[in-house]
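Chain residues, written in single-letter form:
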Amino acid sequence: MISPAEPYRIKVVEPIRLLPRHQRIEKIQRAHFNLFLIPAEDVYIDLLTDSGTSAMSDNQWAGLMVGDESYAGCRNFFHFEKTIKELTGFAHIIPVHQGRVAENILFSTILSIGDSVPSNNHFDTTRANIENQGASAVDLVVEEGRHPELEFPFKGNIDIQKLESFIAKVGPNKIPLGMITLTNNTGGGQPASMANIRQVSQILHHHKIPFFFDAARFAENAYFIKKREKSYSNKSIREIAQEMFSYADGCTMSAKKDGLANIGGFIAVNDDSLAVRLANLLILIEGYPTYGGLAGRDLEAVARGLEEVTNEDYLEFRVNQIAYLGKRLSEMGIPIVKPTGGHAVFVDAGKFIKHISPHNYPGWALAVALYREGGIRAIEIGNVMFSKHHPETEEEILPEMDLVRLAIPRRVYTNSHMDYVVSVFDHIIMNPSCIKGLQITYQPPILRHFTCRFKEINP
Ligand code: F0G
């Protein structure tokens, strides 16, 4: 028997179309070989991100109709607050319109210049919001998490020894909080174990350092704990999530991921006086504390999404779908980050593509080829996104890995879409010259990947 199919059936459909090849060539040229600059309706399978791209359930859509758009005290806020309190156990729930605002509000309230925030790996916006306060975002992921080909169940764990020596080195009073990203997006959507979360919590609390989660994909993390950590196999996802949250003092959350919503997020904390300071800043930059930059109907969609996301049948299909795509690509000899994580397959383009110099961006070139050959949009997480320039020589210093992320939106694509993606990779393997090296013709000073332009060097 094959593993169960999608635990939902399709009630509404959104047409997508594969443009003819000559039009895809024209579109990618017009976008200067930057996939961010292609209109979404010219994409056939959009694997750019799993964020804000979920298909909502009929129950969530029904929830939009009971949106209460009162400025203060709308009923949907109370549902939102109750759902999150029951799930996380945290005392104060502060809504925001997306994850990075939660980060901005939290860090601008508690960080000072010269502080440090350790984590497994900080996500880009988390890092940027920490650095924006003059503080350092420090990555302490276990060594296994830095080797794509290595199979290890919890590659999102924090290295305990590194954490202890880091605290000893900088001193606990320079660390206003420690974090852990669940799952570890930057490291391949890899989970952290309950044992690791518990240990990190003990160490931080021993030094009186508050512990926060970046909880964007907490339910996927809880599912991996159930499957991979022995004593949890008989617990429900909800019980596991509740235990995870019990070790922390608060969290930031982008509900655009495991909130199964198209917009939304929150900060949750136990500390009463911190909650007041956060709410005051919220009013200044985001909105009144019972809506936080969201419409009442959005709060309702998130509340209902958070109730649905801990459903084990859903999570099983979700994680299996990612694993299915990863397995098919692996069988074709394509190097990927192993094991596959909770939201995406990460192709190791640096290893896969040998005919293009790393300074001509093999990962980006693969993403361009996926669009030109198959109308697929993926994102490079590698040499274009993370290179730094030497301050004197201007030489480009490349990151450790040049990856291409195929992020799978939740409940959106079926496995026949995955089979199609596999067939496009197959075509690319048979015709490697369709992957062409690139040179940058324009780049902005920061976050260049969003707007930079390229030319192909061996067309
Ligand atoms: N934390 C993690 C782990 C994330 O993956 C993201 C967003 C954020 C915070 C920020 O949340 O987008 O709601 O402001 N990740 C998206 C991605 C953009 O494509 O992985 P946001």
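Criteria and cut-off values
Residues numbered from 1 in each chain as written. Predicted model: local features only at pLDDT ≥ 70, side-chain atom pairs only at ≥ 80, totals over all residues. Heavy atoms only, no water. Axes fitted to C-alpha atoms, helices over the stretch in contact; angles between N-to-C directions. Helix = DSSP H or I, 4+ residues; strand = E, 2+ residues; numbered from the N terminus. Parallel < 35°, antiparallel > 145°, perpendicular 65-115°, else oblique. Left-handed = near helix turned anticlockwise from the far one by under 90°. Contact = heavy atoms within 4.5 Å. Nonpolar A, V, L, I, M, F, W, Y, C, P; charged D, E, K, R; others polar. Near = heavy atom within 4 Å. Polar contact = N/O pair within 3.5 Å; in protein donor to acceptor, adjacent residues only side chain to side chain. Areas by Shrake-Rupley, 256 points an atom, 1.4 Å probe, with all protein chains shown as cover. Pairing = 2+ DSSP bridges. Domains from an automatic or database assignment. Buried area = accessible area lost by both parts, 1.4 Å probe. Salt bridge = Lys/Arg side-chain N within 4 Å of Asp/Glu carboxyl O. Core = buried A, V, L, I, M, F, W, Y, C linked by side-chain atoms within 4.5 Å. Buried < 20%, exposed > 50% of the residue type's maximum accessible area, 1.4 Å probe, protein only.

Q: Help me out: how do you make sense of the packing of helix H6 (residues 160-170) against helix H7 (residues 194-206) in this one?
A: Packed helices, taken two at a time, are described by the angle between their axes plus the distance between the axes. For the pair H6 and H7, the least separation of the axes is 11 Å and the interaxial angle reads 15°. If you check the angle between H6 and H7, you find them roughly parallel. The interaxial crossing formed by H6 with H7 has right-handed handedness. Residues Ile-160, Leu-163, Glu-164 and Ile-167 of H6 form the contact with H7, whose participating residues are Asn-196, Gln-199, Val-200, Ile-203 and Leu-204. Taken together, the residues that form the contact of H6 with H7 break down as 6 nonpolar, 2 polar and 1 charged.

Q: Looking at this structure, I do not really get the site of the ligand. What am I missing?
A: Taken together, 16 residues lie near the ligand, and Thr-49, Arg-100, Asp-214, Ser-254 and Lys-257 sit nearest. Taking Ser-254, its side chain carries an N or O atom lying 2.7 Å from an oxygen atom of the ligand. Taken by itself the ligand offers 470 Å² of open surface, and the protein chains cover 92% of this. Residue contributions to the shell around the ligand peak at 3 residues, all from helix H4 (residues 99-110). Looking at side-chain class alone, the shell around the ligand contains 1 nonpolar, 8 polar and 7 charged residues.

Q: Hey, could you run me through the sheet that holds strand E2 (residues 92-96) in this one?
A: The strands making up a sheet are joined through hydrogen bonds of the backbone, oriented either antiparallel or parallel. Sheet architecture is open: 5 strands sit in the order E2-E8-E7-E6-E5, paired in mixed fashion. Two strands lie at the open edges of the sheet, namely E2 and strand E5 (178-181), each paired on one side alone. Between one strand and the next, the sheet's axes are offset by a mean angle of 15°, whatever the strand orientation. Direction of pairing for strand E7 (residues 250-254) relative to strand E8 (residues 265-269): antiparallel, over a ladder of 5 bridges. Bridged to Cys-251 within E8 is Ala-268. Along the sheet, helix H10 (residues 272-285) makes contact with E2, strand E6 (211-214) and E8, crossing E2 at roughly 20°.

Q: What exactly am I supposed to notice about the domain arrangement of the chain here?
A: Interface size is often expressed as the accessible area that is lost when the parts come together. According to the domain assignment, the chain contains domain 1 (21-50 + 311-456) and domain 2 (58-308). Taken together, the contact pairs 26 residues of domain 1 with 29 residues of domain 2. Between domain 1 and domain 2, the buried area comes to about 2400 Å², and carbon and sulfur atoms account for 52% of it. Where domain 1 meets domain 2, there are 7 salt bridges.

Q: Explain the nonpolar core to me, please; I cannot follow it from the model alone.
A: It is characteristic of soluble globular proteins that their nonpolar side chains tend to be buried jointly. Membership of the largest hydrophobic core comes to 59 residues, with the highest contact counts inside it found for Phe-80, Ile-197, Phe-213, Phe-218, Met-244, Phe-245 and Phe-266. Mapping this core onto the domain boundaries places at least three of its residues in each of domain 1 (21-50 + 311-456) and domain 2 (58-308). Grouped together as the second largest cluster of nonpolar side chains are 46 residues, Ile-38, Leu-329, Leu-406 and Ile-435 included.

Q: I would appreciate a short explanation of the pattern of salt bridges in the present structure.
A: One side chain can pair with another of opposite charge once the charged atoms of both are near each other. Scanning all chains against the criterion turns up 26 salt bridges. A salt bridge links Glu-400 to Arg-146, with the nearest nitrogen and oxygen atoms 2.8 Å apart. Of the two residues, Glu-400 sits in the loop between strand E13 (396-397) and strand E14 (403-407) while Arg-146 sits in the loop between strand E4 (136-139) and H6, which places them 254 residues apart along the sequence. By relative accessible area, Arg-146 is classed as partly exposed at 33%. Its salt-bridge partner being Arg-410, residue Glu-220 comes within 3.0 Å of it at the nearest N-O pair. Here Arg-410 lies in the loop between E14 and helix H16 (415-430) and Glu-220 lies in helix H8 (residues 218-228), a separation of 190 residues in the sequence.

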